[in-house]
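These are the residues of each chain, in order.
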Amino acid sequence: MSGIASPVEHQVIPAQPRRRDSRRSAALRLARRREPLLVVMTLAVFFLTTALEPSFDTSGNINFMLESAMPLAVLAVGQTMVCLVRGIDVSVAPILGIAAVSTGFLAQDDGSSYVLMLPLALAIGAGLGLVNGLFVTYARIPPIITTLGTLSVYGGIELSLVGSSAVQTLPNSYATLNTGTILPDISYLLVIGVVVMILAALFLWRTTIGRALYAVGNNVEAAFRAGIRVNAVLVSAYALTGLIAGLAGLVYLVYYRGAEGGSGITENLNLLSIAAVLIGGTTLTGGKGGVVGPFLASIFITVADEAVLVAGVNPDWQPAGVGVLLLLAIMLDRNQSGRRSLREVLLARHPKLPLTPPSEATP
Amino acid sequence: MSTLPHERARPRSLRRLDADQRWLAALVGILIAELLFFNFSISGFWSGSGSSGWLGTETFTYTSIIALGVMFVIFTGDIDLSVGALAGFSGIVMGELHLGGMNIWLAVVIALLVSAAVGVLQGLIITFFKLESLLVTLAGQFILGASSVAYEGAVPPSSFPHHFVRLLGTGTVVGVPNQLIIFAVLALLSVLIVHRTRFGRQLVLVGHNRDAAAYTGVRVSLTRVRAFTLSGLFAGIAGVIIAATFNSVTDYIGTPLLLPAITAVVLGGVNIFGGGGRVPGVIIATFILGLLTIGLLDDGVGNNATSMATGVLLLVALTVKGVMDRRLGLPSLGDRLRGRFPPAPPAGSPEVT
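Since the structure is predicted, the reported quantities are computational estimates derived from the model, not experimental observations.

Which residues make up the interface of chain B and chain A, and what are the values?
Tallying the contact residues gives 46 residues for chain B and 49 residues for chain A. When contributions to the side of chain B that touches chain A are tallied by element, the ones reaching two or more residues are α6 (133-152), α10 (210-216), α11 (220-246), α12 (258-267), α14 (303-328) and α15 (333-338) of chain B. For the side of chain B that touches chain A, the per-class residue count stands at 29 nonpolar, 12 polar and 5 charged.

Structure (C-alpha cells):
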C-alpha cells in the first residue's frame, strides 16, 4: 500500500478545503451547526402553514404534532447509536413493532401497568439488537445486509405474534399517559421524549463507552490502538439501538393506543428514522453528530408532513417527500459526500484519483 | 481474484478448487438435495400442478431476473436497494401507458427505457456527488414506491391483451415456460458480460480495488453507472414479467422482492463487498431459493414464515461463507474486514510505552 499511497497524498493535499471555521466567531460557528438550522426550518414551515391555514396554529394542534413526533424521535435517537459507528439498522421498525405488540398484549390481557412493561420492552429491544450486533461484528456481515435479513425475520415474528388480532383496548393508565399534560400544552409523551434524548446525549458526551462510539466510528484503527475494545463497542452500539427501539415501541403503544401486525413498518419508520438521523447532521460515515439533531429533525419531518397534508397534497407522496429530503440532506452535507461539498463537486472539472471510499478504513 | 487467467490454467483436481469453485460445488449439491427432498415430500412435484412444482418457476422467475441485475451492482462493491420498488414502478408505468391506449409492446419498451434511465440517474447521483449507494438507492426505493402509488391512482392496471400475457406470462414452448427461456437468455447474457467481456473484468476489478482500477486506467465512475443501468434494466424487465404473470400490477408487488434478490446473489457466492464471485453460482442460487419458497409454501408453511426463512438463509449463508473463506486463507470478505481490526502490535514496539 505504501508504494501507492504517496502519489495519492500528492494529489489530495492541494485539494484540501481551507479551514476558515477556526477564524469565525463562536456565534457564527453555532449558526453553522445543524440544530439551530432545524429549529429555524421547523418554525418557518410552521408559520408559513399558519399563514395559509390559521387553524394550524391552535395549541391542540401544536401539542398533537409534538406528540405524534415522539415515536419517531425516540427511534431516531436509537438509530443514531449505530450510525455513529458507521452502521445502519433497517430492522428498528419491526423491533419497535415487536416491543409494542408484546407489551400491548400483556397490558390488554392482564392489565399490566407501563412501569412493569418498561423493562420488558427494553429487554426485547436489547436482545434483538444484540443479535444484529453479533452478526455485524463477529460474522462480519455488512450492517445493511444483516439488518435487511433481520428485518424480514423480525417482521415475521411480529406478524406471527399478532396473528389475526390486534391490541385495541389498553388499561386506563396508558390513556392517562397519552392525554395527560404536566404543564398546560406540555404532554407526558413530549417529556418522555426529551428525557430520553437528554439521557442519550449525556451518555454520548459523558461516559467512556459513549466517547468510544465516536472513536470507533471515526477511526477504527486509532480506537484499537488507544485500547478500546472495538468489537465490544460495536456490539453494544447495536444492542443500544435495539434497546431504544424497544422503548420507542412502548411510546408507540401509548401514542397510538394500540398496535397491530404491521406496526412500525406501515408508518415507514425505518426510512424516517434514517432520514431524521441524516437530516439531523449525523453522518453515516461515522464519528460525527449527536442525538439532538436527529431529535429535532424528527419534529421537523413531522411538522413538514402535517403542513404538506394541510396544503392538500396527496398523502401517498409522503415517502417520496422524505426520500427527496434525505437525498438533499446528504448532497448538501460535505461530511456525507466524501468531504466534497456540492460546490466543490461542481467546480472540479477533472475527476481526481478516487478518494478512499469512506466505508473502508485504510489499514 | 479467481477469474484471472493464470488461476484458471491451474490443474483442476478437486483438492485444488479455489473458494469460488468449492462454493459452486456446494450449491449444486444443495440444489440436488433440495430436488430430491421435494421429490419425496411433495407428490406431483415434477409434473407441476397449477402454480407449484417444477413448472411453477413463474412464481420466482421475476425475482431471479432482479437478482441478476442487482448482481452487477454488487460486483462493483455498491448496493442497489431500489430494485424491488423499481420493478413495481416499471410494471405500473407499462400498465398505465397501456390503459391510456398505447400499444402494449410500445408501452413495454418505454417502461424498460424508464427503468434503465432510473438506474442511470441513481448511478450518476452516486458517482457524481460521491454519495453512498446505500443511501441514494434507499431514498430511490421510497421515491419509486410513492410514485407507483400516485401513478396507479384508484384502479391498478390489469387485464392486459391475451398475446402479451401468453408470451411473457403463462405461455410455454414444448412444455418449457416462456419465462424460463427469457431467464435463460438473460442468465447467459450475464455470464458472457461478466466473465467474457472487458466490461465484466473491469466490473470485478472496480469492486476488488477501486484505486487499483483507477490506476490501471479503468473509468471507475462509468463502470459503476453502467452497473446501475443494467440493474435498473433487469428490474424493469422483471416488472413487465410480473405484470404479465398476474395479469395485473399493484404498487406493493415489487418492494418485497428486494430481500430474496439480494439473498440469491449472496447465496450464489458473490462477495458482498464487491470484486469476487461467479455468475453461474447466482443462477443456481436463484433456483435453490425459488424452489425452496415453492416447496415450503406447498408443504403448508405460511407466506410469512417463508419470508423469515429467506432472511435466516441470507444470514446463515454469509456467516458460513465467511468462515469457509477465512479457513481457506484466501483474501476474502473476512480478510478484507480484518484490516479494520488489526492484531495487537508486537511487544516493545515504539508506540507502546
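Could you give an account of the nonpolar core, naming the residues involved and the relevant values?
Of all hydrophobic cores here, the largest spans 206 residues; its most connected members are L96 of chain A together with I66 and V265 of chain B. The leading source of residues in this core is helix α12 (residues 230-256) of chain A, at 18 residues. In this structure L96 of chain A touches L75, A245, A248, G249, Y252, G264 and L269 of chain A, once residues within four positions along its chain are discounted.

How would you summarise the packing of helix α3 (residues 34-52) of chain A against helix α14 (residues 292-310) of chain A if you had to cite specific residues and measurements?
All names here are of chain A. At a closest axis distance of 9 Å, the pairing of α3 and α14 adopts a crossing angle of 15°. Regarding the angle of α3 to α14, the classification is roughly parallel. Of the two possible hands of crossing, α3 and α14 adopt the one that is left-handed. Contacts between α3 and α14 involve R34, E35, L38, V39, M41, T42, V45, F46 and T49 on the former and, on the latter, V292, G293, L296, A297, I299, F300, V303, A304, A307 and V310. For the contact of α3 with α14, the class distribution of residues is 14 nonpolar, 3 polar and 2 charged.

If you had to explain the environment of N231 of chain A to someone new, which residues and values would you point to?
All names here are of chain A. Mapped onto the fold, N231 is located in helix α12. What makes N231 partly exposed here is the crowd of 16 C-beta atoms within 10 Å. Sequence separation between N231 and V82 is 149 residues; the distance between their C-alpha atoms is 13 Å.

Please set out α11 of chain B residue by residue, giving values where relevant.
All names here are of chain B. Look at α11: 39 Å from first C-alpha to last across 27 residues, which is about the 39 Å you get at 1.5 Å a residue. For α11, the tally of buried residues reaches 24 of 27 residues, placing the bulk of the element in the interior. Looking one or two residues past α11, N247 carries a phi angle of roughly 55°, positive in sign.

I'd love a proper account of unusual backbone geometry, names of residues and values included.
Even without being a glycine, N268 of chain A presents a positive backbone phi close to 60°. Secondary-structure assignment places N268 of chain A in the loop between α12 and α13 (269-279). With phi around 55°, K130 of chain B is a residue other than glycine that occupies positive phi space. Within the secondary structure layout, K130 of chain B lies in the loop between α5 (104-128) and α6. Judged by C-beta crowding, with 19 C-beta atoms within 10 Å, K130 of chain B ranks as partly exposed.

So what about the packing of α13 of chain A against α14 of chain A? Which residues, and what values?
All names here are of chain A. At their nearest, the axes of α13 and α14 sit 7 Å apart, and the two run at 120° to each other. The angle between α13 and α14 falls in the class oblique. Here α13 and α14 pass one another in a crossing that is right-handed. Contacts between α13 and α14 involve L272, A275, A276, V277 and I279 on the former and, on the latter, P294, A297, S298 and I301. In terms of residue class, the contact of α13 with α14 is built from 8 nonpolar, 1 polar and no charged.

Rules and cut-offs
- Residues numbered from 1 in each chain as written.
- Chains lettered and ligands numbered in written order.
- Predicted model: local features only at pLDDT ≥ 70, side-chain atom pairs only at ≥ 80, totals over all residues.
- Contact = placed C-beta atoms within 7 Å.
- Helix = DSSP H or I, 4+ residues; strand = E, 2+ residues; numbered from the N terminus.
- Nonpolar A, V, L, I, M, F, W, Y, C, P; charged D, E, K, R; others polar.
- Core = buried A, V, L, I, M, F, W, Y, C linked by C-beta atoms within 7 Å.
- Buried ≥ 20, exposed ≤ 12 C-beta atoms within 10 Å, placed from the backbone.
- Axes fitted to C-alpha atoms, helices over the stretch in contact; angles between N-to-C directions.
- Parallel < 35°, antiparallel > 145°, perpendicular 65-115°, else oblique.
- Left-handed = near helix turned anticlockwise from the far one by under 90°.
- Expected span 1.5 Å × (residues − 1).

Just geometry here; none of it tells us what the structure is for.
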